Amino acid sequence: MTHAQHDDPDGGVPFLKGHGTENDFVILPDHEGRLDLPAALVARLCDRRAGIGGDGVLRVVRSAAHPEAAPMADRAEWFMDYRNADGSVAEMCGNGVRVFARHLVDEGLAEPGDLAVATRAGVRRVHVAGPGPDGTPGDVTVDMGRAVLPDSTGVEVSVDGRAPRPARNVNMGNPHAVVFVDGLDEAGDLFRPPLVTPPAAYPDGVNVEFVVDRGPRHVALRVHERGSGETRSCGTGACAVMVAAARRDGHDPAADGVPVTYTVDVPGGRLVITEHPDGRITMAGPAVVLARGTIDAGWWRAGAGAH
Ligand SMILES: N[C@@H](CCC[C@H](N)C(=O)O)C(=O)O
């Protein structure tokens with residue numbers, strides 16, 4: 001059944017809660033794009049004590065109803081308006097788009113199987129698999145497009161004043177610095193953003209992934225997300241890590257003509273990521289929508305006024 005809409009904000013604002021490998025999101029169905037969603041309100045929603053709590057917000061808007069997405073409306077009916085937990089806008093969210101697709105299918109807004117979602121990084125194709133024989137929900141796989149590998153010369157990351165380590169600059173629609181470390185505790189407590197230099201390498205800020213090897217084509221990461229802090233998973237980050245690890249290990253599907261697959265463990269689960277000979281990267285993993293409710297209209301209005 002399609003979730004209630006925002007025609008009557010005085011009756012409260014409907015929301016859902018979902019996660020992909022524990023990267024968690026407040027989902028706001030706003031099909032006709034009527035909600036005013038200032039950064040301060042997003043931050044209140046994502047607050048884990050004073051709000052609902054989440055690493056970000058997924059606003060569900062018809063592409064045709066959103067100025068940034070209208071040019072994509074002929075290819076994707078729905079636009080994922082993604083916001084980080086501090087209210088900042090990001091180009092793309094790999095786990096978010098998988099949860100977004102799960103939501104569309106759960107609500108009957110899209111058929112299971114293949115569907116398209118408009119994002120600020122372009123249209124992303126998503127496959128929502130049916131349930132397994134035991135009834136467990138199938139994985140959600142997204143075509144993340146191609147990685148861009150800007151020059152990484154001189155890019156370094158340091159944490160808690162420790163000696164800087166070299167980092168690989170990978171862009172998955174959003175910016176990443178990937179650092180190979182000897183142990184994930186090298187990332188420290190990640191309460192504060194790691195120091196990434198030179199600043200000119202990332203004029204719009206950066207997500208930072210710390211990576212260790214677990215085995216052949218198997219790595220594990222911790223991540224500090226731009227605008228959200230340390231999270232339990234980051235889909236674009238996992239893809240950036242996969243590409244950095246593959247190049248380090250001598251794999252380049254575009255040159256080799258064969259796909260390469262890595263298992264990427266995140267604190268909240270596991271993602272399986274393949275780079276194809278045409279450069280496209282696909283990422284598969286679980287995506288769950290687990291709750292729904294209504295945000296009190298007065299609470300919403302107080303936050304919406306906080307521009
Ligand atoms: N968690 C996301 C990435 C969200 C955006 C990121 N914090 C940014 O600002 O670029 C993912 O799963 O990719």
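Just so it is clear, the model here is predicted, and its values are computed rather than measured.

The rules we used
Position numbers for residues count from 1 along each chain, tracking the sequence in the order it is written. Under the rules for a predicted model, residues below a pLDDT of 70 receive no local features and side-chain atom pairs below 80 are neither given nor counted, while totals for whole chains, interfaces and linings still include all residues. Side-chain measures were taken over the full set of non-hydrogen atoms in the model, leaving aside hydrogen atoms and water. Strands here are runs of E lasting at least two residues and helices are runs of H or I lasting at least four, both read from the DSSP assignment and numbered beginning at the N terminus. Only the C-alpha atoms count toward the radius of gyration. The rule for a globule is 2.2 Å times the residue count to the power 0.38. We call a residue buried when its accessible area falls under 20% of the maximum for its residue type, exposed when it is over 50%, and partly exposed in between, using a 1.4 Å probe and counting protein chains only. Between two residues, a contact is recorded if the distance between any of their heavy atoms is within 4.5 Å. UniProt positions are given in the numbering used here, feature names are shortened, and annotations may be inferred rather than shown by experiment. Strands are labelled as partners when DSSP assigns at least two bridges between them. Any residue with at least one heavy atom within 4 Å of a molecule or strand is counted as near it. Nitrogen and oxygen atoms within 3.5 Å of one another constitute a polar contact, given that in protein one can donate a hydrogen and the other can accept it, and given that sequence-neighbouring residues count only through two side-chain atoms. Method for areas: the Shrake-Rupley scheme with a 1.4 Å probe, in which residue coverage is limited to the protein chains shown. Think of it as three bins: nonpolar holds Ala, Val, Leu, Ile, Met, Phe, Trp, Tyr, Cys and Pro, charged holds Asp, Glu, Lys and Arg, and polar takes everything else, Gly as well. For the purposes of this description, domain bounds are those given by an automatic or database domain assignment. Each nonpolar core is a collection of buried residues, namely Ala, Val, Leu, Ile, Met, Phe, Trp, Tyr and Cys, held together in the definition by side-chain atoms within 4.5 Å. In predicted models, pLDDT denotes the confidence assigned by the predictor to each residue on a 0 to 100 scale.

**With respect to the overall build of the protein chain**
Summing up its helical and strand segments, the protein chain has five helices and 19 strands in all. Over its C-alpha trace the protein chain gives a radius of gyration of 19 Å, about what one expects of a compact globule, namely 19 Å for 307 residues. For the protein chain, the C-alpha atoms occupy an extent of roughly 55 × 45 × 40 Å along the three principal directions. The buried share of the protein chain, reckoned over its 307 residues, is 54%. Considering only contacts in the protein chain between residues 6 or more positions apart, those separated by 24 or more positions represent 61%.

**A short note on the UniProt feature "binding site: substrate" (unreviewed entry) in the protein chain**
Summarizing the sequence annotation, UniProt attributes the feature "binding site: substrate" (unreviewed entry) to Asn 23, Asn 84, Gly 94, Asn 95, Asn 174, Asn 207, Glu 225, Arg 226, Gly 235 and Thr 236 in the numbering used throughout. Among the secondary structure elements, Gly 94 is positioned in helix H2 (residues 94–106). Accessibility expressed as a relative area gives 1% for Gly 94, which makes it buried. Beyond its immediate chain neighbours, meaning those up to four positions away, Gly 94 contacts Val 142, Met 144, Gly 235, Thr 236 and Met 283. Residue placement: Arg 226 occurs in the loop between strand E14 (218–225) and strand E15 (229–231).

**Here's the deal with the environment of Leu 104**
The residue Leu 104 is located in helix H2 in this model. Between the alpha carbons of Leu 104 and Asp 81 there is a distance of 14 Å; along the sequence they are 23 residues apart. With residues near it in sequence (within four places) discarded, Leu 104 still touches Val 60, Trp 78, Leu 109, Ala 110, Leu 115 and Val 117.

**A short note on the sheet that holds strand E9 (residues 165–166)**
Read from one edge to the other, the open sheet built from three strands follows the order E9-E8-E12, with strand pairing classed as antiparallel. Each end of this open sheet is capped by a strand with a single partner; those strands are E9 and strand E12 (195–197). Inspection of the sheet shows strand E8 (residues 156–158) paired to E9 by two bridges, in the antiparallel sense. Bridge pairing links Val 157 to Arg 165 in E9.

**A closer look at the site of the ligand**
Neighbouring the ligand are 15 residues; Asn 23, Gly 94, Arg 226, Gly 235 and Thr 236 lie closest to it. Measuring from a nitrogen atom of the ligand, one finds a side-chain N or O atom of Asn 23 at 2.8 Å. Separating an oxygen atom of the ligand from a side-chain N or O atom of Arg 226 is a distance of 2.8 Å. For the ligand, the accessible surface in isolation is 360 Å², of which the surrounding protein chains cover 100%. Of all the elements in the fold, those that place two or more residues in the shell around the ligand are strand E4 (78–84), H2 and helix H3 (235–248). Among the residues forming the shell around the ligand, the class breakdown is five nonpolar, eight polar and two charged. Each of domain 1 (9–139 + 287–304) and domain 2 (156–285) gives at least three residues to the shell around the ligand.

**A few points about the pairing of strand E16 (residues 260–266)**
Within a regular strand, side chains alternate between the sheet's two faces. Most of E16 sits inside the fold, with six of its seven residues counted as buried. Looking at chain direction, E14 and E16 are connected through three bridges and run parallel. The partner of His 218 across the bridge, within E16, is Thr 263.

**Considering the nonpolar core**
Inside soluble globular proteins, nonpolar side chains tend to come together where they are buried. If you look at the biggest cluster of nonpolar residues, it comprises 53 residues, and the most contacted ones within it are Met 80, Leu 104, Leu 115, Val 264 and Ile 273. Residues in contact with Ile 273, not counting those within four places in the same chain, are Ala 238, Cys 239, Met 242, Val 260, Thr 261, Tyr 262, Val 264, Ile 281, Thr 282 and Met 283. Within the second largest apolar cluster, 17 residues are counted, among which are Ala 177, Leu 184, Val 208 and Val 212.

**Some words on the pairing of strand E10 (residues 168–171)**
Sheet topology places E10 next to strand E11 (residues 175–180); four bridges connect them, and they run antiparallel. In the strand pairing of E11, Asn 171 is matched with Pro 175. Where E10 folds back on E11, the antiparallel hairpin that results is connected by three residues, among which Gly 173 adopts a positive phi of roughly 95°.

**Thoughts on the confidence of the model for the protein chain**
Scored by pLDDT, the protein chain comes out at a mean of 95, with 96% of its residues at no less than 70. Low confidence marks residues 1–7, where pLDDT is under 50. Its contacts with residues over four positions away, or in another chain, come to 24 contacts. This prediction of the complex comes with two scores: 0.96 for pTM and 0.98 for ipTM.

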